[in-house]
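Geometric and topological summary
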Amino acid sequence: MSVEHHDLIHEFPELKARIHEMKVSDQHFRGLFDEYHELTRRVEKMEDEVTPVATRTEEDAKKRRLHLKDELYRMLTAA
């Protein structure tokens, strides 16, 4: 099974410079960014069945990742 990459640069390529700027200047953003990427690595392992888990566990992780992505996007696009 081919795993789709969900890092923020792939998700929002048009915001690459802003992502870098926010990682450097906003500690809260950096914390959420790090959590998002760690969760993405765990989800990808679940999807590849490297780390077998219950379906519910994988779904919960994906929901949390989506929530983080929404929050990060909101922060990236705030005026």
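Below: a short report on this structure. What you see as residue numbers is a count from 1 along each chain, following the sequence as written. At least 70 in pLDDT is required for a residue's local features to be given in this predicted model, at least 80 for side-chain atom pairs to be given and counted, and no such filter applies to totals for whole chains, interfaces and linings, which use all residues. Heavy atoms throughout the structure, all of them, feed into the side-chain values; hydrogens and water do not.

**A word on the packing of aromatic side chains**
Between rings of Phe, Tyr and Trp, where Trp is taken as its six-membered ring, a pair exists when centres lie within 6.5 Å; planes separated by under 30 degrees are stacked, by over 60 edge-to-face, and by other angles tilted. As enumerated under the stated definition, the model contains 2 aromatic pairs in all. Seen in terms of ring centroids, phenylalanine 12 and tyrosine 73 are 4.9 Å apart; in terms of plane orientation they differ by 35°. Their pairing is tilted. Within this pair, whereas phenylalanine 12 is found in the loop between α1 (8-11) and α2 (16-25), its partner tyrosine 73 is found in helix α4 (residues 55-77), the two being separated by 61 residues in sequence. We classify phenylalanine 12 as buried; its relative accessible area is 11%. Accessible area is worked out with a 1.4 Å probe on protein chains only. A residue is then buried under 20% of its type maximum, exposed over 50%, and partly exposed in between. Taking relative accessible area as the criterion, tyrosine 73 reaches 36% and is therefore assigned partly exposed. The secondary structure listing takes helices from DSSP runs of H or I that are at least 4 residues long and strands from runs of E that are at least 2 residues long, numbered from the N terminus.

**Considerations on the nonpolar core**
Burial of nonpolar side chains together is a common tendency in soluble globular proteins. Residues Leu8, Ile19, Phe29, Phe33, Leu72 and Leu76 are the most contacted members of the largest nonpolar core, which totals 17 residues. For this core, the secondary structure elements donating two or more residues are α2, α3 (27-47) and α4. It is α3 that contributes the most residues to this core, 7 residues altogether. We call two residues in contact when some of their heavy atoms are within 4.5 Å. The residues touching leucine 76, leaving out its near neighbours within four places in the chain, are Phe12, Leu15, Arg18, Ile19, Met22 and Phe29. Nonpolar cores were defined as sets of buried Ala, Val, Leu, Ile, Met, Phe, Trp, Tyr and Cys residues, with membership established by side-chain atoms within 4.5 Å.

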